[in-house]
Amino acid sequence: ALNMFASLTSRVGSAALAGVKSSSSLFRASRHAVATVPLRFASTIAPIKKVSVPPTVARGQTCEGKKLPQVTFRTRVRDDTIQGPNPFKWKDITTEDVFKGKKVVVLSLPGAFTPTCSSTHLPVYDNKYEEFKKLGVDEIVCVSVNDAFVMFQWGKNLGLKKVSLLPDGNGEFTDSLGMLVNKSNLGFGLRSWRYSMFVVDGVVKKQFIEPGFQDEHHEDPFTNSDADTMLAYLKGDLKK
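Definitions and cut-offs
- Residues numbered from 1 in each chain as written.
- Predicted model: local features only at pLDDT ≥ 70, side-chain atom pairs only at ≥ 80, totals over all residues.
- Heavy atoms only, no water.
- Buried < 20%, exposed > 50% of the residue type's maximum accessible area, 1.4 Å probe, protein only.
- Helix = DSSP H or I, 4+ residues; strand = E, 2+ residues; numbered from the N terminus.
- Polar contact = N/O pair within 3.5 Å; in protein donor to acceptor, adjacent residues only side chain to side chain.
- Salt bridge = Lys/Arg side-chain N within 4 Å of Asp/Glu carboxyl O.
- Expected span 1.5 Å × (residues − 1).
- Contact = heavy atoms within 4.5 Å.

(A) Region of the structure containing helix H6 (residues 148-158). Among all positions of H6, only Ala148, Phe149, Met151, Phe152, Trp154 and Gly155 are buried. You can read the cap of H6 off the contacts: a side-chain oxygen lies 2.9 Å from the backbone nitrogen of phenylalanine 149, and it is on aspartate 147. The first or second residue beyond H6 is glycine 159, which carries a positive phi of 70°.

(B) Looking closely at the pattern of salt bridges. Counted by the stated rule, this structure contains seven salt bridges. Among the salt bridges present, the one from arginine 59 reaches aspartate 215, with a minimum N-O distance of 2.8 Å. Of the two residues, arginine 59 sits in the loop between helix H2 (12-28) and strand E1 (72-78) while aspartate 215 sits in the loop between strand E9 (203-209) and helix H8 (227-234), which places them 156 residues apart along the sequence. Overall, the relative accessible area of 22% leaves arginine 59 in the partly exposed class.

(C) Main features of helix H4 (residues 115-127). Taking 1.5 Å per residue as the helical rise, H4 with its 13 residues ought to reach 18 Å, and the 17 Å between its terminal C-alpha atoms agrees with that figure. All of the buried residues along H4 are Cys117, Ser118, His121, Leu122, Pro123, Tyr125 and Asp126.

(D) Layout of the side chain of asparagine 146. By the element assignment, asparagine 146 lies in the loop between strand E4 (139-144) and H6. What makes asparagine 146 buried here is its relative accessible area of 10%. Beyond its immediate chain neighbours, meaning those up to four positions away, asparagine 146 contacts Gly111, Ala112, Met151, Pro167, Asp168, Gly169 and Arg191.

(E) Broad picture of the side chain of histidine 121. With respect to the element layout, histidine 121 can be found in helix H4. Among the polar contacts made by the side chain of histidine 121, one reaches the side chain of arginine 194 at a distance of 2.8 Å. If we ignore the near neighbours within four places in the chain, the residues touching histidine 121 are Leu107, Ser108, Leu109, Thr116, Arg194, Tyr195, Phe222, Ser225 and Asp226.

Pasting the structure below:
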């Protein structure tokens, strides 16, 4: 699952720096007018072509009943025809590739390697993957506003076996769902608010959004986007 979406490279440092420069310019032009902190070096950054993804809902609002936006995710996949220590190539994956004709559970979180995301949120979904499968779920996908290289290393570090990691490096998918927030108070820049959702053939059937949605939140709520809450919903214990 990891190889589908991300890979390791010896050029992580330069790639990460390039990602920071590109994404900062894009985020300042966010359709949802997320509050941002001006960057001193902003004037030196070459403008980039803005990808237009129509917003699905207003910021912080549920997407239930809505069709997911068409977004292209920049991922890395293994290619054994490539020689050397980094046998991976770029591959674009679309929303349709991930969700069309499937029942998919999505969890989205503020960032790779962060405490709650790494100790509880993602690992429990991975550990209970087979329980989800028995309830008819085809796949579990973790989305974060991180690049493919970071996501790969995070999954490798956690020893993930089942959950697929989907890098939303430019935040386009997260922004279009109204879930992009400013976490500059933590030095994170723009990231995803924590939430989970059950998607059937590209349509959001249920979404659990953590309470207190806001920019620069001083805490990181984790009350209802966990694996057990989603399992309870799928079992019919919660109102559908």
